[in-house]
Amino acid sequence: MLITLIVIACAAFVLVAGGGYAVVSRSRGRRALTRGPQRTAPALRPSPPKAPSGKPPSPEAPPREPPAAGAHDTSVTMAPPEPDVAGPDVAEPDVAESEGRGPGVGAPEEPGPEVLEPVAPAGPEVVQKPRFRDRLGKARSALATQLAGLRGRGKLDQEAWDELEEALILADVGVVTTEALLRGLKQRARAEGLNRAEQVVSALREELVARLDGDRELHRADAGLATVWLFVGVNGVGKTTTIGKVAMRETEEGRRVVVAAGDTFRAAAADQLQIWAERVGAGFVRGNEGGDPGAVVFDAVQHASARGVPLVLADTAGRLHTKINLMEELKKVRRVADRPPGSVTEVLLVIDATTGQNGLVQARQFTEAVGVTGIVLTKLDGTAKGGIAVAITGELGVPIKLVGLGEGPEDLVGFDAQEFVDALLPDD
């Protein structure tokens, strides 16, 4: 009986409890329909302790691991937002300021208007001719030092004449030319009554101009013939460079030129001439190394005549150690070049002014062999003994036609006796 009562009581409890649960479920359903779906609160994970405000998080904090695939986790670490293309401009840090160039200088700004000063229209380049007075400082200072005592001497006596003689010899005028100058000055002093040293120095200037004066023209052949200028001289005096500078002078004046590399014993000379010819736009003829120089010059004359080129500049060998063979070779070259259609109008001897009296010896040898018609005196700006020009002209009677006053192409100029004496022996 007792067991029956217990079973009935349990059944009644179950019925009552089930009815209450149904009532609660219906009530929750009505609220859900009214408020919308509700989210079930997830289980919260313990978050790491926050770093103090204004300080970076502690490095000891372990990184948050991503949730497993398919798991629902609201504690998602948000990635930095992507830049909004259509959004507002974001001020980037100043590059110049970060590089230490100062604030306010960021990316390069658009260039503003450039103000240009007015300039003259570009025209043909004008190369100023070098002046003797500017380039003969060494020779002038040396001679001025020697004549300083003479200029300050009042009375013209034997001691004054001795000082003048010493000054001329030290200037490399040469003993023979110096003696000739002094004889002429003494005769003039007696005839004109010169009794002061300063008057003799003025008379010396006039005598030098008279002795240096001569035919300065570079002659050319008659119509129908190719003009040939032969350049002779020992090795090392600047012969090849002089030919290149003359070629430049002629082409700048509108004349066509052919260059003949007649020094077949020095390949470097032919290579150098070829460079000059290409530089100035001149024709160029060369032969085999060690070949016949006369054949090279002959081919150059034929080449120029066939093309109507009026001028041939011919280089020659300068081997002084085989002097006899060299001179015979030069005679042959001149004979070949002087045959029609060519005509040799100038044989120009190139002398290095710094060699002094050695240059005078060379001038004698070449003049006797091939009949030198003019002197090219190179490196005149580098010598303190400019009197060599007076010696060459006085003793050989050969005029100086060109002088080198520097290393540039424009520094090869025509010789001017008056300008040379004014620079060498200024009247002050």
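Observations concerning the confidence of the model for the protein chain
Piece 1. On average, residues of the protein chain score 75 in pLDDT, and 69% of them reach the 70 mark or higher.
Piece 2. Long-range and interchain partners of residues 20–126, a stretch whose pLDDT sits below 50, account for 22 contacts in this model, where long-range means more than four residues apart.

Details of the sheet that holds strand β1 (residues 226–232)
Piece 1. A sheet is described by the order of its strands in space; here 8 strands give the open sequence β3-β2-β4-β1-β5-β6-β7-β8, paired in mixed fashion. Of all strands in the sheet, those with a lone pairing partner are β3 (283–286) and β8 (412–414), marking the two edges. Strand-to-strand twist of the sheet, defined as the mean angle between neighbouring strand axes without regard to direction, takes the value 25°.
Piece 2. Two elements, strand β5 (residues 342–352) and strand β6 (residues 374–378), share 5 bridges in a ladder whose sense is parallel. Among the inter-strand pairings, V350 is bridged to a residue of β6, identified as V376.

Let's talk about helix α12 (residues 357–370)
Piece 1. With 14 residues, α12 extends 20 Å from end C-alpha to end C-alpha; this agrees with the ideal 20 Å at 1.5 Å per step.
Piece 2. Those residues of α12 that sit buried are G359, L360, Q362, A363, F366, A369 and V370.
Piece 3. Within two residues after α12, G371 carries a phi angle of roughly 65°, on the positive side.

A few points about helix α10 (residues 293–307)
Piece 1. End to end, α10 covers 22 Å across 15 residues, agreeing with the expected 21 Å (1.5 Å per residue, within 8%).
Piece 2. Those residues of α10 that sit buried are P293, G294, V296, V297, A300, V301 and A304. Along α10, the residues classed as buried sweep out an arc of 160° about the axis, all on the same side.
Piece 3. Residues of α10 that are buried make contact with β1, β2 (257–261), β3, β4 (311–315), α11 (323–337) and β5.
Piece 4. Positive phi appears at G308, one or two residues downstream of α10, with a value of about 70°.

Topic: the nonpolar core
As a rule of thumb, soluble globular proteins bury nonpolar side chains together.
Piece 1. In terms of nonpolar packing, the biggest core is built from 103 residues, with F132, L164, L313, F366, L377, V403 and F420 touching the most fellow members.
Piece 2. Sort the elements by how many residues they give to this core and helix α7 (residues 197–212) lands first, with 8 residues.
Piece 3. Once residues lying within four places of it in the same chain are set aside, the contact partners of L313 are W229, F231, I243, V246, A247, V257, V258, V259 and A260.

Regarding the environment of E252
Piece 1. Inspection of the secondary structure puts E252 in helix α8 (residues 239–252).
Piece 2. When its relative accessible area of 64% is taken as the criterion, E252 is described as exposed.

Criteria and cut-off values
- Residues numbered from 1 in each chain as written.
- Predicted model: local features only at pLDDT ≥ 70, side-chain atom pairs only at ≥ 80, totals over all residues.
- Heavy atoms only, no water.
- pLDDT = per-residue confidence, 0-100.
- Contact = heavy atoms within 4.5 Å.
- Pairing = 2+ DSSP bridges.
- Helix = DSSP H or I, 4+ residues; strand = E, 2+ residues; numbered from the N terminus.
- Axes fitted to C-alpha atoms, helices over the stretch in contact; angles between N-to-C directions.
- Expected span 1.5 Å × (residues − 1).
- Buried < 20%, exposed > 50% of the residue type's maximum accessible area, 1.4 Å probe, protein only.
- Arc of directions from axis to C-beta.
- Core = buried A, V, L, I, M, F, W, Y, C linked by side-chain atoms within 4.5 Å.

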